[in-house]
Amino acid sequence: MRELCTVTQSRHPLRILLLERQAEEQRGWLYEAFPGDLGHGATGPRDLLDGPPKLLPGLCAPDMQRGIMQNMLDRLGSRVVLSADNADFQAKRAATD
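The following paragraphs examine the structure supplied in this document. (Residues numbered from 1 in each chain as written. Predicted model: local features only at pLDDT ≥ 70, side-chain atom pairs only at ≥ 80, totals over all residues. Heavy atoms only, no water.)

## A few points about the overall build of the protein
In terms of regular secondary structure, the protein is built from four helices and zero strands. Taken from the N to the C terminus, the helices and strands of the protein come in the order α-α-α-α. The proportion of buried residues among the 97 residues of the protein is 14%. For the protein, long-range pairs separated by at least 24 residues make up 30% of all intrachain contacts whose partners lie at least 6 apart in sequence. A total of about 8400 Å² of accessible surface is found on the protein, and carbon and sulfur atoms cover 54% of it. (Helix = DSSP H or I, 4+ residues; strand = E, 2+ residues; numbered from the N terminus. Buried < 20%, exposed > 50% of the residue type's maximum accessible area, 1.4 Å probe, protein only. Contact = heavy atoms within 4.5 Å. Areas by Shrake-Rupley, 256 points an atom, 1.4 Å probe, with all protein chains shown as cover.)

Structure below.
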């Protein structure tokens, strides 16, 4: 990350997407990779960030899981519609990790 701070101009901007379920600002891998404050000015690794980490919603809620599965089915062109009221589907979903 320090090397990226030395690049001041580029015809091809670099974007890096960092995904992590446990990215705490004051400790752990995020703090080690991007030490310092969340300032701006391209002087240090933390300045490369667009802002503080965004907390993603959990995936444990049944409605969230059903929504993800329905989205996948829709993208695949499936005509299957997953019902939130279907007890058999909910039991199978709950038994799957």
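Back to the write-up after that little detour.
## Focus: helix H3 (residues 62-75)
The end-to-end C-alpha distance of H3 is 20 Å, a good match for the 20 Å that 14 residues give at a rise of 1.5 Å each. Positive phi shows up at Gly77, right after H3, with a value of about 80°. (Expected span 1.5 Å × (residues − 1).)

## Quick word on the environment of Leu82
Note on placement: Leu82 falls in the loop between H3 and helix H4 (87-95). Taking the C-alpha atoms as reference points, Leu82 and Gly67, separated by 15 residues in sequence, lie 8.5 Å from one another. Once residues lying within four places of it in the same chain are set aside, the contact partners of Leu82 are Arg66, Met69, Gln70, Leu73 and Phe89.

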